[in-house]
Each structure stands twice: as structure tokens, then as C-alpha cells.
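Residues per chain are reported as follows:
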Amino acid sequence: GNKLHYIFSQIGSGKDVERIINQLEFDGVIQSAEKPALMSGIQRVLASEKGKKWFAPGLQLYNECSIIFRNEGKIVTKRPDRVIKEGNHMTVIDFKFGKPSDNYIEQINLYVQLLKQMGYEAEGHLWYLDEYFPK
């Protein structure tokens, strides 16, 4: 889950995948034996309807960007996985692995709320990716 989450936080579009996977192998984060399954799963994600839309080349992206705000007098930072900006519209995508949780729903709703407070139109999506990576 953590490796996949990191990989998806680094991908701008499909052209980035091979370079990212090769770098992770070089850095010792993944083993050579893992590469075929990872590449296959990532390609399935990118070929899906959402993948084609949210990983299209040329998007204005904010991956793992910080949203800083004040909550009860304290400075708080939140980091959505992927934010796509199209004019005044922001689409927030949070990649998840494992079981759905109400906490995740609260998290994505907070991201949307913060972006709306900043003056954007915003929508949020939780995207569970386990189905693309069979165990």
C-alpha cells in the first residue's frame, strides 16, 4: 500500500511510470521481481475510465501539495494526494488501499471544504485501487 501510494503520488501521466518504477528499483525500494506486477497494475489503473481522465497528459496538477489553514488557533497542514485544476474548478483525488473508512470520507470532505473556502469550485473522490493489484 505505501509503495503504491508513493508511486501514484509521483505520476503526472502515463509517460512517467517507467521512469518512476526504474528509479524505485535503483533506490532499492522495490525488487526487480515486483516490477512486472506493479507495471501491470499501474497500466490497468491508467487504462480505466478514471485513469484516462485523471492521468491525462497536460493536466495542471498538484500532487501531495500542502493546504495550510488555521484550526482553533493552530496552524494545520493537509496534503491531498492529487489535485487537478481546470480553470476555477479543483478535483481532489485521494488514493486508498485497503478497507473503506468513514475517516477517509471526512478527510476528502475537508479537502473539498478548504478548497471552496479558497474560492474554488471543488469536488472530491476517494479511489480505492486494490482491485487493480491482485494479491
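Everything discussed here concerns the structure shown above.
Residues numbered from 1 in each chain as written. Predicted model: local features only at pLDDT ≥ 70, side-chain atom pairs only at ≥ 80, totals over all residues. Heavy atoms only, no water.

Participant: So, the overall build of the protein: which residues are in play, and what are the values?
Facilitator: From N to C terminus, the protein includes 5 helices and 6 strands. Computed over the C-alpha atoms, the radius of gyration of the protein is 16 Å, within 12% of the 14 Å expected from 2.2 N^0.38 for a compact globule of 135 residues. Its C-alpha atoms put the protein at 50 × 30 × 25 Å along the principal axes. Buried residues in the protein amount to 36% of all 135 residues. For the protein, contacts bridging at least 24 residues in sequence account for 57% of all contacts bridging at least 6. (Helix = DSSP H or I, 4+ residues; strand = E, 2+ residues; numbered from the N terminus. Rg over C-alpha atoms; globule rule 2.2 N^0.38 Å. Buried < 20%, exposed > 50% of the residue type's maximum accessible area, 1.4 Å probe, protein only. Contact = heavy atoms within 4.5 Å.)

Participant: Can you explain the pairing of strand S2 (residues 67-71)? Please cite residues and give values.
Facilitator: Strand direction decides the pairing type here: S2 and strand S3 (residues 74-78), joined by 5 bridges, are antiparallel. Paired with Phe69 across the strands is Val76, a residue of S3. Linkage of S2 to S3, two consecutive antiparallel strands, is achieved through a turn of 2 residues, within which Glu72 is found at a positive phi near 50°. (Pairing = 2+ DSSP bridges.)

Participant: Now, about the sheet that holds strand S1 (residues 60-63): what can you tell me, with residues and values included?
Facilitator: If you trace the 4 strands from one edge of the open sheet to the other, you get S1-S4-S5-S6, paired in mixed fashion. If you trace the sheet from one side to the other, it starts and ends with S1 and strand S6 (121-128), each paired once. Across this sheet, the average inter-strand angle for adjacent strands is 20°, counted without regard to direction. Relative to S6, strand S5 (residues 89-96) runs parallel, the two being bridged by 8 bridges. Across the sheet, the residue bridging to Lys96 is Tyr128, located in S6. The sheet strands contacting helix H5 (residues 102-117) are S5 and S6, and the helix crosses S6 at an angle near 160°. (Axes fitted to C-alpha atoms, helices over the stretch in contact; angles between N-to-C directions.)

Participant: Got a sec to walk through the packing of helix H2 (residues 17-26) against helix H3 (residues 35-47)? Specific residues and values, please.
Facilitator: Axis separation between H2 and H3 bottoms out at 11 Å; the angle between their running directions is 150°. Relative to H3, H2 is oriented roughly antiparallel. By crossing handedness, the relation of H2 to H3 is classed as right-handed. Across the interface between the two elements, Val17, Glu18, Ile21, Asn22 and Glu25 of H2 pack against Lys35, Leu38, Met39, Ile42, Gln43 and Leu46 of H3. Class assignment of the residues belonging to the contact of H2 with H3 gives a composition of 6 nonpolar, 2 polar and 3 charged. (Parallel < 35°, antiparallel > 145°, perpendicular 65-115°, else oblique. Left-handed = near helix turned anticlockwise from the far one by under 90°. Nonpolar A, V, L, I, M, F, W, Y, C, P; charged D, E, K, R; others polar.)

Participant: Mind laying out the side chain of Thr91, listing which residues take part and the relevant values?
Facilitator: Along the chain, Thr91 falls in strand S5. Under the relative-accessibility criterion, Thr91 is labelled buried at 5%. Ignoring any residue separated from it by four or fewer positions in sequence, one finds Thr91 in contact with Trp54, Arg82, Val83, Ile84, Glu86, Glu123 and His125.

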